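In case you want the letters, here they are:
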Amino acid sequence: SKMAANNNPLDLIDSFSLLSQDGDDLDIDEDYIGYLQESHDIRRRSEKELKPLISAINSALNSGSSASPIGLKALNLLIDQSSDEVFEANGKQWATLVISQVGKNIDLCCPLIDSLLKRAPDSAEISKYLASQTSGIISPIIANLSAESLRTLVHFLSTYPGSCGGQINPLKKLCIENLRP
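Since the model is a prediction, treat every value here as computed from it, not as a measurement.

Describe the packing of aromatic side chains, naming the residues involved and giving the relevant values.
According to the stated counting rule, one finds two aromatic pairs in the structure shown. Arranged with centres 6.3 Å apart and planes meeting at 55°, the rings of F87 and W94 form a pair that is tilted. For the pair F87 and W94, one class covers both residues: buried. Between the aromatic rings of F156 and Y160, the centroid separation amounts to 5.4 Å while the plane-to-plane angle is 50°, which identifies the pairing as tilted. Taking relative accessible area as the criterion, Y160 reaches 7% and is therefore assigned buried. Positioned above the aromatic ring of F87, the side-chain terminus of R119 is 4.4 Å from the ring centre.

Below you can see the structure in the form of structure tokens.
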């Protein structure tokens, strides 16, 4: 594989095309994301070095009305593996991107929300931002409940219990509707 032969997997970014759903071979995109994930190269990279990947993800996620599965997977990789400095500098923007995509594909966004919830406690700014976005996160989860989204809902409620007051009635309704035989 040409990726394995390259010493720096981030050199392979060809702007938007590697993350685009419009490419001829979606497997190349999946392979690239998988290779980046396995290489653990993201954590060692500065924000400047990651800029082409961040730009490609932004383009993929802002390019249409449907959520880009490749863009979301790549964003999850950044959230999970970026250094603390890169996460601190970009976490709020990444959270905004995820929140904007939640209603478009809840099952793809739940792992990203979980990743944000895991990393946010180390950043007061990002943690405050997520807590302030409760409605934008919880409402689509309630509307599109699945096993994956229920797990994320519980994770969010346990991480930010004091921020969920505005969602109490929809949560009560959800519980009551699902308890009836």
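Resuming the write-up.
Just give me the short version of the side chain of T134, but keep the residues and values in it.
For T134, the position within the fold is in helix α8 (residues 134-143). A distance of 2.6 Å separates a polar side-chain atom of T134 from the backbone oxygen of A131. Discounting chain neighbours no more than four positions away, the residues touching T134 are S139, F156, S163, C164 and Q167.

Just give me the short version of the layout of surface pockets, but keep the residues and values in it.
Estimates place the volume of the largest pocket at around 200 Å³. Considering the residues around the largest pocket, the lining is formed by 13 residues, among which I33, Q37, K73, N76 and L77 are closest to the centre. Elements supplying a minimum of two residues to the lining of the largest pocket: α2 (26-39), α4 (69-81) and α6 (106-119). It is α4 that contributes the most residues to the lining of the largest pocket, six residues altogether.

About the criteria used
- Residues numbered from 1 in each chain as written.
- Predicted model: local features only at pLDDT ≥ 70, side-chain atom pairs only at ≥ 80, totals over all residues.
- Heavy atoms only, no water.
- Phe/Tyr/Trp six-rings, centres within 6.5 Å; stacked < 30°, edge-to-face > 60°.
- Buried < 20%, exposed > 50% of the residue type's maximum accessible area, 1.4 Å probe, protein only.
- Lys NZ or Arg CZ within 6 Å of the ring centre and 35° of its normal.
- Helix = DSSP H or I, 4+ residues; strand = E, 2+ residues; numbered from the N terminus.
- Polar contact = N/O pair within 3.5 Å; in protein donor to acceptor, adjacent residues only side chain to side chain.
- Contact = heavy atoms within 4.5 Å.
- 1 Å grid on protein atoms, 1.4 Å probe; cavity = no way out; pocket = protein on both sides within 12 Å on 5 of 7 lines; lining within 4 Å.
- Points joined across faces, edges and corners; volume = space filled by probe spheres on them.

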